[in-house]
Amino acid sequence: RNHEACRPAEPPLSEARMESPAPPHPARGAHRAGRLGCGTFWALVAPQLLVVCGVLFSWVDPVRVLKGTPVPNPFYVLNITYAIVNRTVVLAPMQEQRWKAPAWAPQGGTMEMPAHVWPHEGERLSADEWAARPWYWLAAIGTLFTATLLVGTLVLYLSACSRTGSVYNELIEGEPEQDGALVGRLLAIPIIGRFFSSTEELLSCALVSLTVASHLTILTKIMMSVVESGCMKTTLDFEGWFLLSLEGSSWAVWQAVVLAIACPAIYGPFTFAEACAELLLPYFSEAYDSAKDAIFAAVALSSESRAAHAIGYISLGWLWCVNWWFLWVPKTRARLISDYLSILYIKPDPAETRWRAPDETIASRAWAKVCVKLFTNSGPEKGHLLLWEDVPQSLLAIAYSAIVGFNGAVFIQNIALPMVRIVFCNLSYRHLLRTQEIQHHLLRELRLTAASARARSFAVHAARCCVVIGEADPMSQQLYDAIGEWGGGPQAVTLSLISCGLTAESFRPFGKLVAASNKLVVLDVQGNALRDTGAQLLVEALKNSASMRTVHAQQIGITDVGAAYFGDLLRGNTPLRILGLT
């Protein structure tokens, strides 16, 4: 879809990069990585519906299916690692190594599942079987994650081999209208078109809603099964953790398969692993946050106290309600999309694989990745999620501890660590915006991301960065230019910035964009604290705009002074036809 004209170019991120040779052009169709059409939508939705039905009706029990399945023996792996580190040529027998295996541990390279099924009854297990369970399931979970990373990386690597062929050419050369007549009719409805400016944004919202609903359904089913079996004491059992890991890993691999088929391109060797961190890494992903809250609800429901049962049901109900509320609010919905669909929105980045600055080292690149990961888990949007999701659950955990007694797992997962995350989220954001790594990250992401909900979040962060580092900083001009290029794309007709946490200062680059663009027709800034100063900037931008027809500026905190600015705008000669104010 105008792929030659829309191909993004890597900007000069520093003086060293400006002196480097220009990066090679991305592969044909690379700009469409992560583009969500009707075919991609149904390819991701259909397996979810089948899995949810299978879980609800107990068609498949993964633990029973895996009965007797061997996994790598962790003691054998430790001995090999110890031998390699000590540079031994011939591996000595296990009993002569540093890592002493218990009597029940197998001596070979694999170990089989202990002879029981889940949910199990502890009194039926022998002492050896009971001792073997943790090692087996830890090895199984480790093997599962390793296989997920290898398979996902291999799938994305092989996608570069399928960049030719009639199917691929037909896919990228198709017209936008082929994405589905039904979606076009939905966007034509005023109330839907007000919140969704494109087919991709509407389908992303629908897909993440179904994904969150599927995840919560599977969580609830697993927790209720554990409660009924009587196995839940202080936290989830090993079999339960394996089922949760299996769900997340399967979803990650399937996203990679769909991405490789729908948007074949050349991806970096570590892009899949980085995207998996957003989806699966504890305390960094929304999926894990929901899992820990569901585990707390199961722990409370397993108690003998009726008050604890009430706390468990309230916790589980709040988990469902707050996630649906997050899907309704645009700024939190964008956060859920970036987490649950992180692999689908992987972008090919030639600079990551073939073009590096001369002064870059492995250590500096690793530190930049760490900074970006910390940055994605800070900021007002993340703080809003933590405030509404973790604080009520922490209060319920405190009440549970007061009624039943101290539970170490509940205290760590639902009280201590959430409070640390909230403090970190609020204190580190502005400091991270000042770092060069984050500024380069925002600039690169704006260049490489299409005009979508994810690009909007990057643009808002970039605008806040300009405020923090000051307009006189050389990076500010590059960020201003990147915001203008993002909003001035060939399909940029509507600029939706609903509830993005903008202030008068951070709105300044968007005001310049509105004044300079001759294609923007609809602007929606409702729910931002622009106040009278921001209203003045908005009016000045609208006076210079030759194309703007509709502006939604409800709930921006203006007084009579700000309303007077809009009155002056309406008395002038302006193409504006619809103005929403409260």
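Predicted, not measured: the structure shown is a model, and the values here were computed from it.

A. Up close: the pairing of strand E5 (residues 550–553). Of the two faces of E5, both are covered, the one formed by Thr550 and His552 as well as the one formed by Val551 and Ala553. Relative to E5, strand E4 (residues 522–524) runs parallel, the two sharing three bridges. Within E5, the position partnered with Asp524 by the bridge is His552. Once the chain exits E4 it traverses helix H24 (residues 531–543) before rejoining the sheet at E5, and the crossover so formed is right-handed. Relative to strand E6 (residues 578–581), E5 is paired through four bridges, and the arrangement is parallel. Residue pairing in the sheet places Ala553 in a bridge with Leu581 of E6. Read from E5 through helix H25 (residues 560–571) to E6, the crossover connection turns out right-handed.

B. Geometry of the sheet that holds E4. Taken in spatial order, the four strands make up an open sheet running E3-E4-E5-E6, and their pairing is parallel. Unpaired on one side and paired on the other, strand E3 (494–496) and E6 mark the two borders of the sheet. Averaged over all neighbouring strand pairs, the angle between strand axes comes to 0°, with direction disregarded. For E3 and E4, the ladder comprises three bridges, and the chain directions are parallel. Looking at E4, one finds that Leu495 is bridged to Leu523.

C. Structural detail: the nonpolar core. Core analysis: the largest hydrophobic core is formed by 64 residues, its most contacted members being Val208, Met223, Leu341, Ile343 and Tyr400. For this core, the element with the highest residue contribution is helix H10 (residues 199–229), accounting for ten residues. With residues up to four places along the chain from it excluded, the contact list for Leu341 reads Ser204, Leu207, Val208, Thr211, Trp251, Gln255 and Leu336. Among the nonpolar cores identified, the runner-up in size contains 52 residues, and Tyr429, Cys465, Val514 and Val539 belong to it.

D. Examining the environment of Val391 more closely. Relative to the elements of secondary structure, Val391 occurs in helix H18 (residues 380–404). Between the alpha carbons of Val391 and Ile415 there is a distance of 8.4 Å; along the sequence they are 24 residues apart. Not counting the four nearest positions on each side in its chain, Val391 is found in contact with Leu386, Met419 and Ile422.

E. View of unusual backbone geometry. One non-glycine residue with positive phi stands out, namely Arg531, at about 60°. Locating Arg531 in the fold gives a position in helix H24. Residues other than glycine seldom take positive phi values, yet Gln555 does so here, at roughly 55°. As for its placement among the helices and strands, Gln555 is situated in the loop between E5 and H25. Among the residues examined, Gln555 registers a relative accessible area of 59% and is labelled exposed.

F. Structural view of the packing of helix H14 (residues 306–328) against H18. Remark: H14 packs on H18, axes separated minimally by 10 Å, with the N-to-C direction vectors making an angle of 175°. By the criterion of interaxial angle, the relationship of H14 to H18 is roughly antiparallel. Residue-level contacts link Ala307, Ala308, Ile311, Ile314, Ser315, Trp318, Leu319, Val322, Asn323 and Phe326 of H14 to Leu385, Trp388, Glu389, Pro392, Gln393, Leu396, Ala399, Tyr400, Ile403 and Val404 of H18. Partitioning the contact of H14 with H18 into residue classes produces 16 nonpolar, three polar and one charged.

G. Region of the structure containing H24. With 13 residues, H24 ought to run about 18 Å at 1.5 Å a step, and its terminal C-alpha atoms sit 18 Å apart, in line with that. Every buried residue of H24 is accounted for by Asp532, Gly534, Ala535, Leu537, Leu538, Val539, Ala541 and Leu542.

H. Spatial organisation of helix H15 (residues 330–340). With respect to burial, H15 is a largely interior element, ten of its eleven residues being buried. Those residues of H15 lying buried are Pro330, Thr332, Arg333, Ala334, Arg335, Leu336, Ile337, Ser338, Asp339 and Tyr340.

Thresholds, definitions, all that
Residues numbered from 1 in each chain as written. Predicted model: local features only at pLDDT ≥ 70, side-chain atom pairs only at ≥ 80, totals over all residues. Heavy atoms only, no water. Buried < 20%, exposed > 50% of the residue type's maximum accessible area, 1.4 Å probe, protein only. Helix = DSSP H or I, 4+ residues; strand = E, 2+ residues; numbered from the N terminus. Pairing = 2+ DSSP bridges. Right-handed = clockwise from strand over helix to strand, strands pointing away. Axes fitted to C-alpha atoms, helices over the stretch in contact; angles between N-to-C directions. Core = buried A, V, L, I, M, F, W, Y, C linked by side-chain atoms within 4.5 Å. Contact = heavy atoms within 4.5 Å. Parallel < 35°, antiparallel > 145°, perpendicular 65-115°, else oblique. Nonpolar A, V, L, I, M, F, W, Y, C, P; charged D, E, K, R; others polar. Expected span 1.5 Å × (residues − 1).

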